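Architecture and fold: a report
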Amino acid sequence: MDTKARNCLLQHREALERDVKTSYIMDHMISDGVLTVSEEEKVKNEPTQRQRAAMLIKTILEKDNYSYISFYNALLHEGYKDLAYLLHGGIPVLSSSNGKDSGGITSYVRTVLCEGGVPQRPVVFVTRKKLVKAIQQKLFKLSGEPGWVTIYGMAGCGKSVLAAEAVRDHSFLEAFFPGGVHWVSVGKQDKSGLLMKLQNLCTRLDQDENFSQRLPLNIEEAKDRLRILMLRKHPRSLLILDDVWDPWVLKAFDNQCQILLTTRDKSVTDSVMGPKYVVPVESGLEKEKGLEILSLFVNMKKADLPEQAHSIIKECKGSPLVVSLIGALLRDFPNRWEYYLRQLQNKQFKKIRKSSSYDYEALDEAMSISVEMLREDIKDYYTDLSILQKDIKVPTKVLCILWDMETEEVEDILQEFVNKSLLFCDRNGKSFLYYLHDLQVDFLTQKNHSQLQDLHKKLIAQFQRHFRLHCLSPDQEDCMYWYNFLAYHMASAKMHKELCGLMFSLDWIKAKTELVGPAHLIHEFVEYRHMLDEKDGTVCENFQEFLSLNGHLLGRQPFPNIVQLGLCELETSEVYQQAKLKAKQEVDNGMLYVEWINKENIKNLSRLVVRPHTDAVYHACFSEDGQRIASCGADKNLQVFKAETGEKLLEIKAHEDEVLCCAFSADDRFIATCSVDKKVKIWNSTSGELVHTYDEHSEQVNCCHFTNNSNHLLLATGSDDCFLKLWALNQKECRNTMFGHTNSVNHCRFSPDDKLLASCSADGTLKLWDVKSANERKSINVKQFFLNSEEPQEDMEVIVKCCSWSADGARIMVAAKNKVFLFDIHTSGLLAEIHTGHHSTVQYCDFSPHNHLAVVALPQYCVELINGNTGQIDYLTEAQVSCCCLSPHLQYLAFGGEDGAIQILEFLNNRIFQSRIGHKNTVRHIRFTADAKTLISSSDDSAIQVWNWQSEEYVFLQAHQETVKDFRLLKNSRLLSWSFDGTVKVWNIITGRIEKDFVCHRDTVLSCDISPDATKYSSTSADKTAKIWSFELLSPLHELRGHKGCVRCSAFSVDSTLLATGDDNGEIRIWNVSNGELLHLFAPISVEEGAATHGGWVTDLCFSPDSKMLVSAGGYLKWWNVVTGESSQTFYTNGTNLKKIHVSPDFKTYVTVDNLGILYILKILE
């Protein structure tokens, strides 16, 4: 006995022993010849029923598979259906000794199916075991009693093949239908046709003519004849009715039989009595099954199929009929892959024909026949569905609006389509969503091509009758459909005026982006641009650019004020003009808006800004065709989005840890990723399917790069394990491992001809490897070029960060520390050395593929362009000035440098005065006294320099133990300074003496502010506290606790009654100065990923003169209502990290600079 059968018996032994009465069971088994009389006696001699059952099971366990099947059938016959069901899963397949042929089918099965007229397997056949099992389980539930099992699905989904396959099973037939199987191909029939089918069936069932020698003359007589034949001559047999269209046909077979039927209309069994079970068949095969069919037709391995094979499966959504039709055609014309794919894409269904095993000559005929069978009064409604898009599920409410009907009426009509497999339905909570199969969409659009424009117009007209745009509410079930597809329907209806009115509306853009983000809108502007005239085309470009550059803001929560964003556009833009109009209307109602006064001077170099990740982005790259961008980062995800619109194409949880690098293959088919989890993965760039996982590196994998030639695709990876590895995508294991580096491999790049691989390492070397042999060709010690450093060579760490090949492959550029080197590949000679600055570390370098320019990225948010031939820096955005200030009467400009130098420029005659002493380190802060005769400066050292620049006298304020953070001038030649040492000191700048020394905090003092009445000052610290001090006392008046991050800034109100403090979590608190009580906490955390509302640190604060408003700087600018604690407005800068906000006395003008160096002059709109 098979192990599976034995285990099944043992598993359910207790239940069988408890319930089975053995006497009648053994009668059946003796008649089957599997149990002897002596064995029966042995069982009967046991004293109790349970012991007799136990002995019988013990006897069966010692026998073969036939005994198991006989016992199973006996249980069924004697009414132990529940017990038989327990044993069904263990029914063994009889061995080849029973006459199996090469296909695994026994001679018994072959005979039964042949006599019953069951069609043979198609020439090309793939198994669908899950569906076959489902059909068998439903047939089992009939338990030998009359009933109906319905297999239903759309045209060409493989229903007939599945029905035949369900009975192509020896043990199943023998156990459940020993009387045989009888197949009738029904199809579309009138009464005379049906009578002929019945007559043929009766003749087949009564071949010895025991019951009658003449044929039945009408359907009723045929029905009676069939009932008698099935009951008396063919008990326990199965009748299969294939391709049933009409309910009335089934009444002729409603005669106490077990019936399996296939149909496109699952409601056909509503007209008959008895138990009914349904097996729905999905409309498409899985991709691998579809490819298997094609490979069998054309006699190729799946892996060798051309790319068009994948596209064909995708285009027809795996329809078994279409795949088989095309496979049969390709067998005769193996070079027509592209041709048949094009026919599918162009909806040329009449040209996809020829199938010996299908009733319809071409695909369009198979689909149109279903439509023709609809009732006349609902055919037009099905035509209306021609406007639906592929893969889009439509709420019932949309069709209620289209047809101006109640929900129940619409659902009744749609259910008719669903029943006939002309439409599919998903339940979404309490509502229904309806959709068409791709082939049905293609068929309808082709058939009703001339009506499509009018059908779209009809939908728009009905929408306009039911809605005004402001009436669309997110809680309406059809809301998302209209936001996503209203523009599509208007464009398809060629309603240009309405389309422009919709798309060029800030109200529409606000409503839609709040729900679905900006990418879909950008896509629509790109998609419908060609339909617009020149004037509208310019407006279209205005809105598209607005969305592209603000997309990263429009996708966040809380949602930004779109009118304020619009005010940042150029004044010639339609977006600005609409925003200005709306802003003026809202200002009258108390809303606050600010205008960017100097925006005309700023040329924005960005074309698109997206925010795909929720954490740091480590790498991003273009596809070879420039259409897509892949990015990866600390959130462990790989993202792929459209380069033009930012529309997300793929989001994959790629690794178990941070993803450090990603790369497109040369043919754009694949994306490689590598991670801290030590794995390298290859993904299908279109579907996101995982193709390979490589895990041979023993440490984190830092870089990956494909060869430039797609004909010989290789992937190189570099890791902290010091190794480089080469991978061939058709192999499961590493092709070559390259040994030689003694520290982490940070970067690798193939030469343009793919013959060499360059690698950069933390061991201070650049190595060139022969790709074919994996041998080291050259090694260049980059570390030697830093030998003039003050550090000893053995202590010096030189990390070679990255490299890039020139277009001709003759030179290679290498970045390490603060230098970029250019080497000759053939001689290893140094061609050029570029020094980027003492404090700069080169982050990345890359050659242009089209000219001799190279680009170098530096950490100070700047980029250098370098001539790759000469090494000359052509363009440098880095400035050497570290700080500057103007004198009170605007006569002088003072500036400090990174080298510690201090200079003063006199505007009147352009004279420059230079401090003889200066600072040893970068100058951080610089200020004139009120009379402009003295300049005070601080640097990264612990001293403050007081320079009377006209008399060349110097005073040094030296007492702080660590770097001075900043200082403020007080009255009467006094100065307040604070430091990383946690102290605040008051100095006399004439004598250089300390007058007050406050030990304020255990950690760095980050800021101080002096109250307008000059009696108090505040201090904030990295210890997460703020304090209010009196100049007269050495202990604080109040210690302000509650911040959860470093408290970075503070500001007194003009009347000195309030103090605002801001921290590194974006939290702002308002305190009562007199008693230290917390008055307001300004919304610290937003709902999105716990991100700070202020985009990071709060770096500066300023109250309005009436103390009712507060402006704060950080990741952007925010205005707050101090009374209510609510945000009044947000201004988003191009960059981030705003360190300071300068406010005019009337609180109407604001000046700040972002980390990109962009100056913003803002004015309150009145």
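Per chain, residues are indexed from 1 in the order of the written sequence. Since the coordinates come from a predicted model, pLDDT governs what is reported: local features require at least 70, and pairs of side-chain atoms require 80 or more to be given and counted, while whole-chain, interface and lining totals use all residues. Hydrogen atoms and water are omitted, and side-chain values are computed over all heavy atoms in the structure.

Turning our eyes to something else, we now look at the confidence of the model for the protein chain. In this model, the protein chain carries a mean pLDDT of 84, and residues with pLDDT of at least 70 account for 89%. A residue's pLDDT is the predictor's confidence in that residue, given on a scale from 0 to 100. The contact criterion used throughout is that any non-hydrogen atoms of two residues lie within 4.5 Å. Note that pLDDT drops below 50 for residues 354-361; the model gives that stretch 19 contacts with residues more than four away or on any other chain.

A word on the packing of aromatic side chains. Stacked, tilted and edge-to-face are the three classes applied to pairs of Phe, Tyr and Trp rings, where Trp contributes its six-membered ring and a pair requires centres within 6.5 Å; stacked means planes under 30 degrees apart, edge-to-face means over 60, and tilted covers the rest. Per the stated rule, a full pass over the model turns up 38 aromatic pairs. Aromatic side chains W596 and Y1160 sit 4.7 Å apart centroid to centroid with 35 degrees between the ring planes, which places their arrangement in the tilted category. Taken together, the residues span a long stretch of sequence, with W596 in strand β9 (residues 594-596) and Y1160 in strand β60 (residues 1159-1164) at a distance of 564 residues. Both residues of the pair, W596 and Y1160, belong to the buried class. Secondary structure elements are defined from DSSP: runs of H or I of at least 4 residues count as helices, runs of E of at least 2 residues count as strands, and each element is numbered from the N terminus. For every residue, the accessible area (1.4 Å probe, protein chains only) is compared with the maximum for its type, and the residue is labelled buried under 20%, exposed over 50%, or partly exposed between those bounds.

Right, let's get into the packing of helix α24 (residues 452-466) against helix α25 (residues 479-492). Relative to each other, α24 and α25 sit at 130 degrees, their axes nearing to 8 Å. Classified by the interaxial angle, the pair formed by α24 and α25 is oblique. In the packing of α24 onto α25, the handedness of the crossing is left-handed. Taken together, the residues of α25 that come into contact with α24 (itself represented by Q453, H456, L459, I460 and F463) are W482, L486, Y488, H489, M490 and S492. Residues of the contact of α24 with α25, tallied by class, amount to seven nonpolar, four polar and no charged. Between N-to-C directions, angles span 0 to 180 degrees; the directions come from axes that are lines fitted to C-alpha atoms, helices contributing only their stretch in contact. Orientation categories follow fixed angle ranges, with anything under 35 degrees roughly parallel, anything over 145 roughly antiparallel, 65 to 115 roughly perpendicular, and all other angles oblique. Helix crossings get a hand from a simple test, with the near helix turned counterclockwise from the far one by less than a right angle marking a left-handed crossing and a clockwise turn marking a right-handed one. Classification convention: Asp, Glu, Lys, Arg as charged; Ala, Val, Leu, Ile, Met, Phe, Trp, Tyr, Cys, Pro as nonpolar; all other residues, Gly among them, as polar.

The next thing to look at is a negative patch on the surface. Residues with no salt bridge and a relative accessible area higher than 30% make up the patches, which join like charges within 9 Å and nonpolar side chains (Val, Leu, Ile, Met, Phe, Trp, Tyr) within 5 Å. Note that accessible areas follow from Shrake-Rupley with a 1.4 Å probe, and for residues the cover is restricted to the protein chains shown. By definition, a salt bridge exists where a carboxyl oxygen of Asp or Glu is found within 4 Å of a side-chain nitrogen of Lys or Arg. Counting rule applied: Lys, Arg positive; Asp, Glu negative; His and chain ends not counted. The atoms used to mark charge sites are NZ of Lys, CZ of Arg, CG of Asp and CD of Glu. A cluster of acidic residues, E406, E408, E409 and D412, forms a negative patch on the protein surface. Examined against the element boundaries, D412 turns out to sit in helix α22 (residues 407-419). On the basis of relative accessibility, which here comes to 54%, the residue D412 falls in the exposed class.

Any two strands between which DSSP finds at least two bridges are classified as paired. Spatial strand order, β42-β43-β44-β45: four strands in an open sheet with antiparallel pairing. This sheet does not close on itself; its edge strands, each paired only once, are β42 (964-969) and β45 (994-999). For this sheet the average axis-to-axis angle between neighbouring strands, irrespective of direction, equals 15 degrees. As paired strands, strand β44 (residues 983-988) and β45 are joined by five bridges and run antiparallel to one another. Looking at the pairing, K985 lines up with D997 of β45.

Our next topic: helix α16 (residues 307-315). Three or more residues of α16 are buried, namely A309, I312, I313 and E315. For α16, the arc enclosing every buried residue in end-on projection is 165 degrees, short of the 170-degree limit, so these residues lie on one face. Backbone geometry just downstream of α16 places K317 in the positive-phi region, at approximately 55 degrees. In this description, one arc is meant: the one made by directions from the helix axis to the C-beta atoms.

The subject of this paragraph is the pairing of strand β4 (residues 258-263). Within β4, six of the six residues are buried, which leaves the element mostly enclosed by the surrounding structure. Residue alternation in β4 divides its side chains into two sets, Q258, L260 and T262 and I259, L261 and T263, and both sets are buried. For strand β1 (residues 147-152) and β4, the ladder comprises six bridges, and the chain directions are parallel. Counted as the bridge partner of W148 is I259 from β4.

On to unusual backbone geometry, then. Backbone geometry places C722, a non-glycine residue, at a positive phi of 80 degrees. Positive phi, close to 70 degrees, is recorded for A774, a residue that is not glycine. Structurally, A774 is set in the loop between β24 (765-770) and β25 (776-781). Classification of A774 by relative accessible area gives buried; the value is 12%.

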